[in-house]
Amino acid sequence: MLKAVVEFKKRFYYSSSARYNLATPGSFRLSPSDSQLPMLEKDYRAMREMFYREARTLEVIRAGLVSLEQEIKAEKQAPQLLR
């Protein structure tokens, strides 16, 4: 599926700055790096009044992203039964 997504992006949403050759299984990152956290925390705090209810903490959101990232990487390593 990754190959199909890359081909689609190249055809319909081409960007000269995109590095499609780096889009390989296991290379995806959903969670922000530690160096990005201070800026994200500041931005997230500034957005608080936009939420209609109590927002999840940034740490809870990040933990969910880390978990999903690990799940995706585990699927990549699992044998492909259907092709």
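The shown structure was predicted, so the numbers you read here are calculated from the model rather than taken from an experiment. (Residues numbered from 1 in each chain as written. Predicted model: local features only at pLDDT ≥ 70, side-chain atom pairs only at ≥ 80, totals over all residues. Heavy atoms only, no water.)

### Side note on the overall build of the protein
Defined as follows: The way it works is that DSSP assigns letters per residue, a run of H or I at least four long becomes a helix, a run of E at least two long becomes a strand, and they are numbered from the N terminus. Categorising residues by exposure relies on relative accessible area from a 1.4 Å probe, with only protein chains included: less than 20% of the type maximum marks a residue as buried, more than 50% marks it as exposed, and the intermediate range marks it as partly exposed. Contacts: residue pairs with any heavy atoms within 4.5 Å of one another. Method for areas: the Shrake-Rupley scheme with a 1.4 Å probe, in which residue coverage is limited to the protein chains shown.
When you go through the protein residue by residue, the secondary structure sums to three helices and zero strands. Ordered by position in the sequence, the α and β elements of the protein form the string α-α-α. Here the protein holds 83 residues, and the buried ones make up 11% of them. Long-range pairs, those at least 24 residues apart, make up 46% of the contacts in the protein between residues at least 6 apart in sequence. Accessible area of the protein: about 7600 Å², with a carbon and sulfur share of 56%.

### A closer look at the confidence of the model for the protein
For clarity, the cut-off: Along the chain, pLDDT gives the predictor's confidence residue by residue, from 0 to 100.
Of all residues in the protein, 88% have pLDDT values of 70 or greater, and the mean over the chain is 84. When pLDDT is averaged over each helix and strand of the protein, the minimum, 84, is found for helix H1 (residues 2-12) and the maximum, 94, for helix H2 (residues 37-47).

### Topic: the side chain of glutamate 69
With respect to the helices and strands, the residue glutamate 69 is situated in helix H3 (residues 58-77). When its relative accessible area of 11% is taken as the criterion, glutamate 69 is described as buried. If we skip the residues at most four places from it in the chain, glutamate 69 touches Phe28, Arg29, Leu30 and Ser31.

### Some words on the pattern of salt bridges
Note the threshold: By definition here, a salt bridge exists when the distance from a side-chain nitrogen of Lys or Arg to a carboxyl oxygen of Asp or Glu is within 4 Å.
All chains considered together, the criterion is met by three salt bridges. Between aspartate 34 and arginine 62 there is a salt bridge, and its shortest N-O distance comes to 2.7 Å. Note that aspartate 34 is positioned in the loop between H1 and H2 and arginine 62 in helix H3, a separation of 28 residues in sequence. Take aspartate 34: its relative accessible area is 57%, and that puts it in the exposed class. Residue classification places arginine 62 among the buried residues on the basis of a relative accessible area of 17%. Its salt-bridge partner being arginine 48, residue glutamate 54 comes within 3.9 Å of it at the nearest N-O pair.

### Observations concerning the packing of aromatic side chains
For any pair of aromatic rings, geometry is given as the distance between the ring centres together with the angle between the planes. Let me state the cut-off plainly: We call Phe, Tyr and Trp rings a pair once their centres come within 6.5 Å, taking the six-membered ring for Trp, and we label the pair stacked below 30 degrees between planes, edge-to-face above 60, and tilted otherwise.
Under the criterion given, the structure shown has three aromatic pairs. Where phenylalanine 8 meets tyrosine 13, the ring centres are 5.8 Å apart and the plane angle is 50°; that geometry is what we call tilted. Since its relative accessible area comes to 52%, tyrosine 13 is described here as exposed. Through a chain of ring-to-ring contacts, the aromatic side chains of Phe8, Phe12 and Tyr13 assemble into a single cluster.

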